[in-house]
Structures are given as C-alpha cells and as structure tokens.
Amino acid sequence: MAQSLELLLIQFLMPDNDARRQAEDQIKRLAKDPQVIPALVHHLRTAKTPNVRQLSAVLLRKKITGHWAKLSPQLRQLVKHSLIESITLEHSPPVRRASANVVALILFSSLTETIGNSFQPHFADLQSLLLKCLQDETSNRVRVAALKAVGSFLECTHDGAEVVKFREFIPSILNVSRQCLASGEEDVAVIAFEIFDELIESPAPLLGESVKAIVQFSLEVCSSQNLETSTRHQAIQIISWLAKYKSNTLKKHKLVIPILQVICPLLAEASENDNDDDLAPDRAAAEVIDTMALNLSKHVFPPVFEFSSLSSQSVNPKFREASVTALGVISEGCLELMKNKLEPVLQIVLGALRDPEQMVRGAASFALGQFAEYLQPEIVSHYESVLPCILNALEDASDEVKEKSYYALAAFCENMGEEILPFVDPLMIKLLSALQNSPRHLQETCMSAIGSVASAAERSFIPYAERVLELMKIFMVLTKDEDLRSRARATELVGIIAMSVGRMRMEPILPPFIEASIAGFGLEFSELREYTHGFFSNIAEILDDGFAQYLPHVVPLAVSSCHLDDGSAVDIDESEDENVNGFDGVSSDDEAHDEPRVRNISIRTGVLDEKAAATQALGLFALHTKSSFAPYLEESLKILVRHSTYFHEDVRLQAITSLKHILTAAQAIFQSQHEGPTKAIEVLDTVMNIYIKTMTEDDDKEVVAQACMSISDFIKDNGYMAIESYIVRLVEATMILLREESACQQTESDGEIDDDDTEHDEVLMDAVSDLLPAFAKSMGSQFAPIFENMFGPLMKFAKASRPPPDRTMVVACLAEVAQHMGAPIAGYIDVAVMPLVLKELLSSVATNRRNAAFCVGELCKNGGDSVLKYYGDVLRSLYPLFGDSEPDNAVRDNAAGAVARMIMVHPESIPLNQVIPVFLKVLPLKEDREESAAVYS
C-alpha cells in the first residue's frame with residue numbers, strides 16, 4: 001500500500017493533467033481502505049520529496065477530521081506519535097528537518113480541534129517541542145508554523161495549570177511576531193494578538209511580569225502608521241482587553257500612564273478611510289480610553305485631563321478635536337472625578353464650541369452631550385453658561401455640528417427641572433423651525449431634543465404641545481423605508497408629550513396616534529416597533545386602568561416582538577471541496593482550510609432593543625391595568641421567565657423589572673378568586689426563585705441591582721410574612737453580595753488586588769445595602785441576629801480609604817436599620833458606628849453630611865443609654881450645619897431632624913435654652929419633607 005500510494009502521490013504532483021486525474025481517482029479509491037492512514041503517516045515521516053510529505057499531510061487531515069472517534073486506538077496512537085516525531089526530527093539534515101517540522105506543525109494546527117484532547121497526556125512534551133520550534137534559529141518557516149501551532153494548541157487547552165505554562169512562551173512569541181512584521185508578514189504577526197487574547201481572557205494568572213512586554217509590543221504596533229489598519233486595531237484591542245480583564249495588573253506594573261501617552265495622541269490621527277470605519281485608529285483609541293476609564297477611573301482622569309488641557313491649545317485642529325473627544329469619552333467612567341473638576345473641564349469644551357474648525361465644534365457638542373448624560377446632577381447647575389452655548393451651536397453652518405448639538409441639548413434638558421423654564425420659549429422657537437425646515441436626519445435629532453424639553457418642562461410644555469402633535473401626525477404616516485426612522489422618533493415623541501401634559505389633555509386626542517402606531521408595526525422596521533412599545537408603555541402609565549381597552553391590540557404586538565428570532569445566526573458551509581484542486585493545495589505556509597467556513601455572523605442589535613422594549617411594555621401593561629391583565633398573565637409570565645436568562649443583559653434587565661410588575665398584577669387578579677391565594681403563591685415562588693438566582697449567578701451588575709431593588713420594594717410593600725419561606729436564601733444571597741463574591745463581582749486573578757482599591761459598581765452596592773433596611777423593616781428587632789453577621793462585610797465599605805459614595809452608603813444603611821430594628825442597634829454604637837458618623841458630619845460632600853445627620857438622629861433615638869456619652873460631641877458636630885456656612889437645605893433639614901429626635905428621647909441631656917433658638921431659626925423645613933414628623937411633633 002505504502003509503495004503504490006507514493007507512486008500515485010508523485011504522479012498527482014506531475015504537470016500532466018491526464019496523469020493527475022488518473023492519480024486522483026486511484027487515491028480516492030485507496031482512501032476508502034483503513035490501511036491508507038498508516039501509509040500516509042509513513043510518507044509524512046519518510047518521504048524524501050517535500051511535496052509528497054505536504055500532500056500526505058493534506059490527505060491525512062481529510063481522513064482524520066470528523067472521523068477520529070471511529071479510528072481504532074492503534075491508529076490514533078500511531079497518528080499522535082508520528083506527529084510528535086515529525087515535529088522533532090532532531091537528527092535529520094537541517095533543510096529536511098525544517099520542511100518536515102513545518103508540515104507537521106501545520107497538520108498539528110489544523111487537527112487540534114479534532115484531536116486536541118487526545119494530546120493531553122503529551123502536553124509537557126508538546127509544550128517543550130513547540131517552544132523549541134518557536135526558537136528555531138535555522139528556519140523562519142518553522143518559527144512561523146510554530147506560532148500558528150501555539151495559537152491552535154492554546155485554544156484546546158482548558159486546564160488552568162497547563163495554560164499557565166504558556167507564560168514562558170511570550171518572549172519567543174513576541175520575537176517571532178516582530179520578525180514577521182519586519183518582513184511584511186502582518187497576517188502571521190497578528191496571531192500573537194490572538195494568543196494574547198486567549199491568555200488575557202483566561203481567569204488564570206497567566207501574564208505576570210510579561211504583561212509589560214505585551215503592552216510595549218502592542219503600543220509599538222498600534223502607533224506604527226506604516227502597518228495595516230486591521231493589524232493596528234488588533235494591537236489596540238489587546239490594550240482594551242487588558243484594561244477590561246486585567247486592570248489591577250496594569251495598575252500594579254504602572255502601565256496606565258505609558259499606555260495613555262501613546263493612545264491619546266491616536267485620537268488626533270487623521271483617518272484616510274471613511275469616517276465610519278470602526279477599525280480606524282482614532283475610533284479604536286476612543287474605545288480603549290473609554291474601557292480604561294470605566295475600569296481604572298482614578299488612574300485615567302489625571303493624564304487624560306493633562307492631555308486635553310495641552311491639546312486644546314494646539315495649532316493642529318486634530319489635536320484640539322482630540323482634546324474634547326477624550327473628555328467626552330471618559331465622562332462615564334471618570335464621572336466622580338470630573339464632577340470635582342467641572343469648571344476647568346467645561347472651560348475647555350465650551351471654548352472648543354467656538355472653535356473656527358467644524359470638526360472641533362462637532363467634538364465639543366458630542367462631549368457636552370456625554371457630560372449631560374453622565375455628570376448629573378452637577379452639570380445642570382451650570383445651565384446658565386452651557387445652554388446659551390448649545391443654543392448658539394444650533395445655528396451652526398455645519399449639519400454635523402447641528403446634529404451633535406441637538407444630541408447635547410436632548411441629553412442636557414432631560415435632567416433639568418424648573419431651571420429650563422426661562423429657556424423653553426427660545427428653545428422651542430428654534431426647534432420648531434428646524435423641525436419644519438431641516439433634512440430628515442436633523443429632524444430626527446431635533447425630535448429627541450423636543451422630547452427632552454417636554455420632559456423637563458412638564459405642564460409648562462402645554463402651550464407648545466398642540467403644534468408639535470399636529471406635526472407628528474405628518475411623520476407618523478410616513479411609509480418609505482428612508483422615512484421610518486423619523487416615524488419612529490415621532491412615535492416616541494408623542495408618548496413623551498403625553499407624559500408631560502397628562503391624561504386629561506391627551507386622552508380625547510389619542511385615537512389617531514394609537515391607530516398610526518399599530519399600523520406602523522406592520523412596516524417591518526425594528527426601530528419603529530421598539531419605539532412603538534415605548535409609546536404604548538407611556539400611554540399605559542398616563543391612562544392607568546383606562547388603558548385596558550387597548551390591551552387586546554397591543555399585548556399581541558409585544559408578545560410577537562418577544563418571540564422574534566434573535567438573528568445571532570452563524571451560517572456554516574460544511575461542503576467538501578472535491579475538485580481536482582480540492583486537496584486544498586496545502587504548502588508549508590498555508591493556513592488550515594479544513595474547518596467549516598463561517599459565511600455569515602450577524603447579531604441584529606435592533607432586535608435586541610425591540611425585545612427589551614417589548615419586555616418592558618408587558619410589565620408596565622400589567623402594572624397599570626392590574627386585574628384587567630388577567631387574560632395575558634400566564635403567557636407574559638412565561639416570556640419573562642425565559643427572558644430573565646436571556647443572553648443579553650438589556651433584555652434580562654427589563655425582564656427582572658417586569659417580573660415585579662407581574663407580581664403586583666397577580667396579587668390584584670387572584671385576590672378575589674377562590675383558588676387565588678394558591679395561584680398567587682405560585683407566581684411569587686417563580687419570581688423569588690429567579691430573583692435569588694439572579695443575585696448570585698447573573699454576571700451583569702445592573703441586572704443584579706434591579707433584582708435587589710425589586711426584592712426590597714416587595715418586602716417593604718408586603719411585609720415579613722410574604723417572604724418568610726425565602727428569608728434564609730435571601731440572607732445568604734445578600735451576604736454573598738456584601739462579601740463581593742457573586743458572579744457579577746468576579747475580578748481578575750492576575751496580580752494582587754488591593755481590598756481598599758477594588759472598583760465596584762456604586763448602583764449595585766446601593767441596591768444591596770437597601771436590602772438590609774428592608775429586612776429590618778419587615779422583622780423589627782428580630783433582624784438583630786442576621787444583622788450581626790452582615791455588619792462586618794458592610795463596614796468594609798466604610799473604611800477611610802473608600803470613596804465618599806461608599807461611606808455614605810454605609811451610613812444611610814445604618815440609619816435605616818437603626819430606625820426599623822430599634823434597640824439592638826445600641827450594641828454597635830461604640831464598636832465603630834458613632835465614630836464613623838461623627839466623622840461623616842464633617843464631610844465635604846453634602847450627601848454624606850445629610851445621611852450622617854439623619855443617622856446620628858436615629859442612633860440617638862434608638863441607641864438607649866449607650867449613646868448619652870456622645871450627646872456633647874453630636875451637638876458640637878451638628879451646630880455648623882445650622883449656620884450660613886452650610887449651603888445645602890436638605891443637610892440643614894436633617895440636622896434639625898436629628899436634634900428633634902435627641903430632644904424627644906433625652907430632653908434632660910440637652911441644653912435646651914441654647915439649642916431651641918438655633919433649632920427654631922432653621923424652620924420651616926425647606927427640602928426634606930420626610931423629616932416633618934420628627935421635627936414638628
């Protein structure tokens with residue numbers, strides 16, 4: 001067999017086409033014989049002609065792929081040993097050894113997915129061989145083939161201890177990649193980035209000191225303008241993954257500033273390609289800076305602010321553009337630090353809004369929009385300087401600047417209250433004019449801005465509502481494909497205006513808008529369906545039970561969106577290529593072509609948004625129509641249960657929120673039915689099991705926070721009896737979150753993690769800490785033994801090294817626990833609580849002083865005699881909060897509440913003749929009406 005096969009292989013490689021065809025037919029016949037595998041292995045190891053070895057490798061790969069499990073143990077053993085032996089070939093002549101090495105390495109790379117697991121017993125030998133080939137000084141082809149083989153082998157290596165051993169490969173990988181870049185083989189060099197990607201995403205501590213070399217190499221590549229955009233993008237992506245998955249490692253090795261010194265200037269790099277090119281270095285750099293800001297905020301803000309300050313003065317407009325782009329990009333991650341530097345930050349951005357260059361003004365408008373979205377509520381206090389600048393930018397000659405200015409205006413106005421009233425008229429004059437005289441894409445952003453103005457102005461928008469609604473009727477009947485996005489925005493805007501002007505004004509004129517919205521659903525445009533669900537959600541909220549008449553029309557629409565195919569399909573082409581050239585023409589430099597080819601990968605984000613909106617709508621329909629929702633309860637619950645484990649967090653978030661509303665509707669539906677209590681308990685059981693599982697197993701912090709908030713609300717509304725059977729599991733899940741051990745709190749394992757410096761989500765921990773007062777409210781003093789276990793993990797967030805939001809979260813939690821648990825709080829006053837609260841009364845942050853004042857009052861009210869020795873210190877610490885030096889009315893109101901509580905429980909310990917005049921001077925309460933009961937009684 002071996003001899004005849006060799007002759008056929010040689011014949012197949014001849015230039016004579018007739019001879020090749022005859023050889024191919026006979027090779028196919030021989031391929032059906034099981035003995036062909038030993039024969040191919042023999043030629044792979046011994047053939048003197050490189051082409052014969054390569055062709056043997058191709059045929060062997062085809063014979064093995066997909067059939068490995070069917071081979072006898074002896075054949076499988078033969079293949080494995082032959083591969084390892086072919087990679088080794090230590091005593092062969094250098095040229096022959098190199099050729100054999102390359103063929104074997106390529107074959108190994110292509111077979112790892114099929115037979116990778118069977119190599120596990122040989123892991124140490126293979127690792128040693130691959131490392132040796134990576135360092136082969138006699139052949140560049142061997143080094144390149146080894147690089148590819150390492151990438152393939154790493155993909156099938158799942159054991160953490162084994163993966164760690166790849167750390168020693170990194171210097172050699174970098175060396176081979178640098179050589180490939182120098183010789184123009186960028187497609188091979190990027191394999192290094194694929195390997196690093198695998199190492200970075202692994203939970204094992206793989207990088208160690210070598211992270212510095214990886215970062216250095218990535219920065220060299222991403223800053224080399226002579227390289228392909230895609231190659232540079234892969235290098236930038238590695239920095240992004242490191243920031244996301246190994247942020248503590250970057251801190252430990254002091255790499256943040258060196259990275260930003262290279263990445264920030266990339267924002268100013270002119271892109272030769274289309275502006276929408278996602279691979280462009282300036283866009284990729286913005287994504288990296290955003291990721292770093294989210295994960296390393298305190299380390300990122302100073303160097304970025306320094307870059308922006310210097311670049312804003314540059315004569316190069318690209319650098320002036322980069323200066324404001326950088327500030328806009330970091331505003332989400334660095335929000336707390338930026339709030340403290342808002343004056344100088346705004347000075348840069350508002351200055352850029354007046355820049356002679358359009359690109360700079362556009363970037364400034366973008367940055368303002370980002371500030372308006374993330375730097376709340378502080379940014380709104382600057383409305384007197386910001387709004388006139390935005391108003392001026394709405395008149396810009398550039399449509400791009402106008403569009404971004406509408407976005408900035410929409411984001412800014414959304415969070416304003418009565419401050420907007422003096423600006424409503426000039427804003428609406430400009431917006432109404434633009435709405436009627438601008439191209440479609442500007443009309444869309446203009447509608448978003450009008451929506452924000454309406455939302456902020458509330459009833460003061462009534463004089464403009466009729467005119468806007470009349471214009472919306474025109475948009476809501478558009479049917480051309482290019483107009484459907486405008487129709488979607490118009491549908492959204494009508495819902496927002498309805499919320500602002502209220503049921504009485506809106507209900508009589510609703511029918512044509514409802515009809516247009518339902519008709520628009522049939523136009524097969526996902527964004528329009530998404531906004532239609534939002535519109536119906538708003539209408540349900542203003543009509544409340546009056547919305548029941550529309551349920552038969554709108555619930556099926558929401559259900560149909562929830563059942564949509566995600567579109568995250570991967571089409572695989574598994575067809576075998578059997579033509580004359582169908583041996584894939586593998587040569588020593590070819591990639592493996594044997595894997596199924598991915599034809600199409602598409603995740604239609606529009607469908608995700610639509611599903612999220614539909615999921616939210618089902619919950620709001622249930623909440624507002626309650627018992628009228630009965631016919632739809634069962635199907636909606638099934639959908640929400642399914643969506644609570646959906647792959648995308650946006651849909652899960654809406655499902656978790658809507659489950660609470662379904663619970664509210666179920667209680668209303670079943671309370672009057674004979675079997676009602678049993679059915680209501682079944683719904684409660686379903687919902688609580690999902691919530692408890694979500695707390696510890698969901699990997700998204702916002703979803704987990706929503707589950708915690710929903711549980712807190714339910715406990716406060718329904719009391720201890722409703723959750724008694726779940727209390728043990730609820731407490732256990734809460735403890736896991738307080739210890740930061742849940743799935744969504746998992747951090748990297750590389751490097752040491754500084755406990756005081758651990759980044760966590762403020763919203764999540766606020767929601768977790770709200771569970772404790774909810775338990776205390778439902779259990780009273782019976783909460784004491786549970787709180788005893790929770791106290792230690794909670795107080796970890798109150799350390800002096802923690803940021804102010806952490807400390808005030810703890811103080812607010814302690815205040816409410818003291819309020820509801822009562823006397824048992826006395827046992828904690830001397831331990832750590834009173835010293836913490838007295839210190840927080842002196843905080844520079846108003847929220848911290850406010851919560852501390854409330855807490856000290858509750859401690860004095862419920863702490864018994866153990867608190868008396870602190871009365872003098874408490875009064876001295878509260879006294880400055882009553883004076884003119886205290887700028888915050890809410891702080892002053894809570895200080896008054898604290899003194900009132902002290903007087904009520906121990907009047908004899910208060911120097912009333914000194915305290916009462918100061919106390920009365922700050923009345924009536926100005927902002928925090930919840931203190932009324934304590935103060936006025």
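Calculation rules
- Residues numbered from 1 in each chain as written.
- Predicted model: local features only at pLDDT ≥ 70, side-chain atom pairs only at ≥ 80, totals over all residues.
- Heavy atoms only, no water.
- Helix = DSSP H or I, 4+ residues; strand = E, 2+ residues; numbered from the N terminus.
- Buried < 20%, exposed > 50% of the residue type's maximum accessible area, 1.4 Å probe, protein only.
- Contact = heavy atoms within 4.5 Å.
- pLDDT = per-residue confidence, 0-100.
- UniProt positions renumbered as here; feature names shortened; annotations may be inferred.
- Polar contact = N/O pair within 3.5 Å; in protein donor to acceptor, adjacent residues only side chain to side chain.
- Patch = residues over 30% accessible without salt bridge, like charges linked within 9 Å, V, L, I, M, F, W, Y side chains within 5 Å.
- Areas by Shrake-Rupley, 256 points an atom, 1.4 Å probe, with all protein chains shown as cover.
- Salt bridge = Lys/Arg side-chain N within 4 Å of Asp/Glu carboxyl O.
- Arc of directions from axis to C-beta.
- Core = buried A, V, L, I, M, F, W, Y, C linked by side-chain atoms within 4.5 Å.
- Phe/Tyr/Trp six-rings, centres within 6.5 Å; stacked < 30°, edge-to-face > 60°.
- Axes fitted to C-alpha atoms, helices over the stretch in contact; angles between N-to-C directions.
- Parallel < 35°, antiparallel > 145°, perpendicular 65-115°, else oblique.
- Left-handed = near helix turned anticlockwise from the far one by under 90°.
- Nonpolar A, V, L, I, M, F, W, Y, C, P; charged D, E, K, R; others polar.
- Expected span 1.5 Å × (residues − 1).
- Lys, Arg positive; Asp, Glu negative; His and termini not counted.
- Charge placed at Lys NZ, Arg CZ, Asp CG, Glu CD.

Caption draft 1: Just the overall build of the chain, in detail. What the chain contains, in helices and strands, is 48 helices and two strands. Taking all 937 residues of the chain together, the buried fraction comes to 55%. Taking contacts inside the chain between residues at least 6 apart in sequence as the whole, the part at least 24 apart equals 74%.

Caption draft 2: Quick peek at the confidence of the model for the chain. Of the residues in the chain, 75% reach a pLDDT of 70 or more, and the chain-wide mean stands at 82. The weakest mean pLDDT in the chain belongs to strand β2 (residues 597-602) at 33; the strongest belongs to helix α34 (residues 633-643) at 97. Here residues 89-100 is a poorly scored stretch, pLDDT under 50, and it has 18 contacts once near neighbours within four places are set aside; other chains count. pLDDT under 50 marks residues 751-759. Its contacts with residues more than four places away, or in other chains, come to 23 contacts.

Caption draft 3: Representation of the UniProt feature "repeat: HEAT" (unreviewed entry) in the chain. The sites that carry the UniProt feature "repeat: HEAT" (unreviewed entry) are, in the present numbering, residues 345-383 and 386-421. This span, residues 345-383, is 67% helix and 0% strand, and a straight line between its end C-alpha atoms measures 15 Å. The span residues 386-421 shows a helical share of 69% and a strand share of 0%, and its end C-alpha atoms are spaced 15 Å apart.

Caption draft 4: Inspection of the side chain of Asn862 at higher detail. Mapped onto the secondary structure, Asn862 falls in helix α44 (residues 846-862). Within the structure, Asn862 has its side chain in polar contact with the backbone oxygen of Ala818 (distance 3.2 Å). Sequence-distant contacts of Asn862, defined by excluding residues within four places in its chain, comprise Ala818, Gln819, Gly822, Ala823 and Ile825.

Caption draft 5: Representation of a nonpolar patch on the surface within the structure. Judged by side-chain polarity, Leu912, Ile916 and Leu920 come together as a nonpolar surface patch covering roughly 230 Å² of accessible area. Relative to the helices and strands, Ile916 is located in helix α47 (residues 912-921). Taking relative accessible area as the criterion, Ile916 reaches 31% and is therefore assigned partly exposed.

Caption draft 6: Examining helix α45 (residues 871-878) more closely. Looking only at α45, the buried set comprises Tyr871, Val874, Leu875, Ser877 and Leu878. Across the axial projection of α45, the buried residues extend over an arc of 165°, all falling on one side. Among the structural elements, α43 (826-840), α44, α46 (889-905) and α47 are those in contact with the buried residues of α45.

Caption draft 7: View of the nonpolar core. In this structure, Phe196, Phe371, Phe461, Phe621, Phe783, Phe787 and Leu878 are the most contacted members of the largest nonpolar core, which totals 264 residues. For this core, the element with the highest residue contribution is helix α40 (residues 762-779), accounting for ten residues. One finds Leu484, Phe525, Leu528 and Tyr531 within the second-largest nonpolar core, a separate group that totals five residues.

Caption draft 8: Structural detail: the pattern of salt bridges. Evaluation of the coordinates by the stated rule reveals 31 salt bridges. Between Arg802 and Asp806 there is a salt bridge, with the nearest N and O atoms lying 3.4 Å from each other. Residue class for Asp806 comes out buried when judged on its relative accessible area of 4%. Several salt bridges share partner residues, and in doing so they unite Glu336, Lys339 and Glu378 into one network.

Caption draft 9: Representation of the packing of aromatic side chains in the model. Applying the stated criterion across every chain, the model contains 15 aromatic pairs. A centroid spacing of 6.2 Å and a plane angle of 40° characterise the contact between Phe775 and Phe783, whose relative ring orientation is tilted. Each member of the pair, Phe775 as well as Phe783, carries the same accessibility label: buried. These aromatic residues form a ring-pair network of at least three members: Phe775, Phe783, Phe787, Phe791 and Tyr828.

Caption draft 10: Structural view of unusual backbone geometry. Residue Gln376 is joined to Pro377 through a cis peptide bond whose omega torsion reads -5°. Within the fold, Pro377 resides in the loop between α22 (358-374) and α23 (383-393). Looking along the chain, the bond that leaves Leu923 and enters Pro924 is cis, with omega of 0°. With respect to the helices and strands, Pro924 occurs in the loop between α47 and α48 (932-936). Phi is positive for Lys626, close to 45°, though the residue is something other than glycine.

Caption draft 11: Geometry of the packing of helix α39 (residues 727-738) against helix α41 (residues 784-795). Taken N-terminus to C-terminus, the directions of α39 and α41 make an angle of 15°; their axes are 9 Å apart at the nearest point. By the angle class used here, α39 and α41 are roughly parallel. The hand of the α39/α41 crossing is left-handed. Residue-level contacts link Val731, Thr734, Met735 and Leu738 of α39 to Ile786, Asn789, Met790, Pro793 and Leu794 of α41.

Caption draft 12: How the structure looks around the packing of helix α13 (residues 211-222) against helix α14 (residues 229-245). Where α13 contacts α14, the axes come no closer than 8 Å and their chain directions differ by 145°. As α13 runs across α14, the sense of the crossing is left-handed. Contacts between α13 and α14 involve Val211, Ile214, Val215, Ser218, Leu219, Val221 and Cys222 from the former and Thr231, Arg232, Ala235, Ile236, Ile238, Ile239 and Leu242 from the latter. In terms of residue class, the contact of α13 with α14 is made up of eleven nonpolar, two polar and one charged.

Caption draft 13: Structural view of helix α19 (residues 317-330). Between its terminal C-alpha atoms α19 stretches 20 Å, which fits the 20 Å expected from 14 residues at 1.5 Å a residue. Of all 14 residues in α19, twelve are buried; the element is thus mostly enclosed. Those residues of α19 that sit buried are Lys318, Arg320, Glu321, Ala322, Ser323, Val324, Thr325, Ala326, Leu327, Gly328, Val329 and Ile330. Against α17 (281-295), α18 (297-311), α20 (335-340), α21 (342-352) and α22 lie the buried residues of α19. Its side-chain oxygen 2.9 Å from the backbone nitrogen of Lys318, Asn316 forms the N-cap of α19.

Caption draft 14: Structural context of the side chain of Gln376. In this structure, Gln376 sits in the loop between α22 and α23. Looking at Gln376, the relative accessible area reads 15%, which means it is buried. A distance of 2.6 Å separates a polar atom in the side chain of Gln376 from the backbone oxygen of Ala372. Setting aside its immediate chain neighbours within four residues, Gln376 contacts Lys339, Phe371, Ala411 and Asn415.

Caption draft 15: Representation of a negative patch on the surface within the structure. There is a patch of like negative charges on the surface, built from Asp609, Glu649, Asp650 and Glu702. Looking at where Glu702 falls in the secondary structure, it is placed in helix α37 (residues 701-718).

Caption draft 16: Inspection of the environment of Phe775 at higher detail. Mapped onto the elements of the fold, Phe775 is located in helix α40. Under the relative-accessibility criterion, Phe775 is labelled buried at 0%. Along the sequence, Phe775 and Gly719 sit 56 residues apart, while their C-alpha atoms lie 8.9 Å from each other. Excluding anything up to four places from it in sequence, Phe775 contacts Ile715, Ile727, Leu730, Val731, Thr734, Gly780, Phe783 and Met790.

Caption draft 17: Structural detail: the environment of Leu266. Note that Leu266 resides in helix α16 (residues 256-266). The residues contacting Leu266, other than those within four sequence positions of it, are Cys222, Ser223, Arg232, Ile236, Pro281, Asp282 and Ala285.

Caption draft 18: Molecular detail of the environment of Ile263. By the secondary structure assignment, Ile263 is in helix α16. The spatial distance from the C-alpha of Ile263 to the C-alpha of Ala285 is 5.8 Å, given a sequence separation of 22 residues. Not counting residues up to four positions away in its chain, the partners in contact with Ile263 are Leu219, Cys222, Ala285, Val288 and Ile289.

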